[in-house]
Amino acid sequence: MSLFQYEFMLRALIGALIIGLAAPALGIYLVQRRLALIGDGIGHVALTGVGAGLLFQTSPVIMAVIAATIGAIAIELIRERGRTSGDLALALLFYGGIAGGVVLVGLSDSTSANLNAYLFGALTTTSRSDLVTIAVLGAAVLIAMIALRPALFAVCHDEEYARVSGLPVRGLNLLLAITTAVTVTIAMRAVGVLLISALMVVPVATAQQVTRGFRATMAAAMVLGLFAAGAGVWLAAVADTAPGASVVVLAIASFIVVTLLAAGWRRIRRARPEPEPAPEPHEVLLGGS
Amino acid sequence: MTPEVISLTHGVVGYDGRPVLRDVSLTVTAGEVVAILGANGSGKSTLVRAVLGLVPLSAGAVTLFGQQVRRFRQWQRVGYVPQRLGAGSGVPATVAEVVASGRLARRGILRPPGRADREAVASALRAVGLADRAKDPVATLSGGQQQRTLIARALAGRPELLILDEPTAGVDTASQEAFAGALRGFAADGGTVLLVAHELGPLRPLISRAVVVHHGVVAHDGAVPDPAGHHAAPDHDHVHPHGPEEPAGLWSTT
């Protein structure tokens, strides 16, 4: 592991690991709510923030956080209305976001290489202050997602029931929207705007091939995210590939491997004769009364 | 005088200008088991949703335990059982995890679950006969068992009032019986129940009062009416017996 004696590689690795852990912890709620691609959309919006940051020579990451948060809140408010036109509104927001970003970057003095860094990630350019930002925001996202798991689970599972339980449904939804924006923005450094959703969603999809419950899925997805991030950075270092894409390729490779193994395991279990479980004697008793 | 648990006065609800409930009044007092009956589209589900504050009233008022539903905060006193499990479950969840949601109203969102929560979940699962399925994914359960999971979720919060929206629709007989047992236990402990039903089946002996909603107004409020109309048709799967003569009932089309 002599590669990691270089400080920039070490920083890249630590940044990737934090994001690998935080992204699936948030992504599981998005998957549960069938909003798996929302991270992608918010990433598009974040790009406008990047463009504005480059144009006005302020921090692109902070501008991206602001733009992504505004976008995420707008999307949540559209979703809350629950109208079919929400679909179109989302499309406007997404494509407006990416087009605005490209135009603003073009107006600034930045090169297209700079734009590429945000589109596909530039882990190895992670500075010390970037790493601090990633660590602080990543920890905040992780703590919120883990500490509020029962409440967030309830809201994503059955929103009406959550409302009748007296939960602050709108507050929790906005919290999810804002943490999505924050996660997207810090993950933008690692995997890039175009690949963010993969890190949020693919580990969750992989985990649920073998898990039975929500908590187990969340834990497994976080382990898988951590693995994909670590192994991806290592692969990028030894094979000289793009780190962001390597992380995503590994995440998808584990999805394929786990799915095939799980399917094989189920086939073996089915082939083995198994005694049928007793058909709930409790009910039979009641039914006879 | 027994305290009023639910009070809806002159409630009006409309969706997109189309009236669903017109001037409906309903009072449920502590310890009552009230069934709201009516044909599909009569507005009976809207009625319970309005009582819970899930749909806004365009006129009239609802109170729960003597408080305006808008300002009502003691949700731990209410257990709600929706018609079916929400569709938004893309991630597997165990039966126990779903039932544990029922503790949130009592516990709040920041406190982690403790022993009392786990015990309440276990006893709610026993009450509906699903104790052995606690660790199974909800998606692997039959429709009736999923419905019982939702009832367990409501019972886990130890509510004083249970509101159920068509709890037995499309549910197998075994689950209906298990469900009636759970409800009997709840009512025997002094709980108040408001349930929407298309037909009562094994729940019939538990009901103390029936309210029939027809075209958005209350057509009957009192004793449980005899089944009639298509409910009395020979091909209708009745779980309870009734006489050979078809009495003129509230659902008869003539």
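Whatever comes next refers back to the structure up there.
Residues numbered from 1 in each chain as written. Chains lettered and ligands numbered in written order. Predicted model: local features only at pLDDT ≥ 70, side-chain atom pairs only at ≥ 80, totals over all residues. Heavy atoms only, no water.

**Considering the overall build of chain A**
Okay, so step 1: Counting secondary structure elements, chain A contains 13 helices and zero strands.
Okay, so step 2: Mapped from its N terminus to its C terminus, chain A presents α and β elements in the order α-α-α-α-α-α-α-α-α-α-α-α-α.
Okay, so step 3: Among the 289 residues that make up chain A, the fraction classed as buried is 49%.
Okay, so step 4: Taking the contacts inside chain A whose residues are at least 6 apart along the sequence as the reference set, 75% of them involve residues at least 24 apart.
Okay, so step 5: Roughly 13,400 Å² of accessible area belongs to chain A as shown, and the carbon and sulfur atoms make up 69% of that amount. (Helix = DSSP H or I, 4+ residues; strand = E, 2+ residues; numbered from the N terminus. Buried < 20%, exposed > 50% of the residue type's maximum accessible area, 1.4 Å probe, protein only. Contact = heavy atoms within 4.5 Å. Areas by Shrake-Rupley, 256 points an atom, 1.4 Å probe, with all protein chains shown as cover.)

**Describing the pattern of salt bridges**
Two side chains of opposite charge can pair, provided their charged atoms sit close to one another.
Residue and element names in this part refer to chain A.
Okay, so step 1: Throughout the structure, instances matching the rule amount to 15 salt bridges over all chains.
Okay, so step 2: For the salt bridge of arginine 33 with glutamate 159, the shortest nitrogen-to-oxygen distance reads 3.3 Å. Placement of arginine 33 in the loop between helix 1 (7-32) and helix 2 (38-55) and of glutamate 159 in helix 8 (residues 159-164) is noted, with a sequence separation of 126 residues between them. (Salt bridge = Lys/Arg side-chain N within 4 Å of Asp/Glu carboxyl O.)

**Side note on empty space enclosed by the protein**
If a probe as big as a water molecule is rolled over the atoms, it shows which places are left empty.
Residue and element names in this part refer to chain A.
Okay, so step 1: Scanning the model with the defined rule gives six cavities of 30 Å³ or more in all.
Okay, so step 2: For the largest cavity, the calculated volume is near 120 Å³.
Okay, so step 3: Looking at the largest cavity, it is lined by 13 residues, and the ones nearest its centre are Leu30, Leu35, Ile38, Glu76 and Ala177.
Okay, so step 4: Elements that contribute at least two residues to the lining of the largest cavity include exactly helix 2, helix 3 (60-81) and helix 9 (169-191).
Okay, so step 5: Residues belonging to the lining of the largest cavity are distributed by class as follows: eight nonpolar, two polar and three charged. (1 Å grid on protein atoms, 1.4 Å probe; cavity = no way out; pocket = protein on both sides within 12 Å on 5 of 7 lines; lining within 4 Å. Points joined across faces, edges and corners; volume = space filled by probe spheres on them. Nonpolar A, V, L, I, M, F, W, Y, C, P; charged D, E, K, R; others polar.)

**A look at the sheet that holds strand 8 (residues 192-197) of chain B**
All names here are of chain B.
Okay, so step 1: Reading across the sheet, the six strands line up as 6-7-8-3-9-10 and stay open at both edges, with mixed pairing between neighbours. With one partner strand each, in any of the chains shown, strand 6 (78-81) and strand 10 (217-222) form the two edges of the open sheet. Adjacent strand axes in the sheet meet at a mean angle of 15°, parallel and antiparallel pairs treated alike.
Okay, so step 2: For strand 7 (residues 161-165) and strand 8, the ladder comprises five bridges, and the chain directions are parallel. (Pairing = 2+ DSSP bridges. Axes fitted to C-alpha atoms, helices over the stretch in contact; angles between N-to-C directions.)

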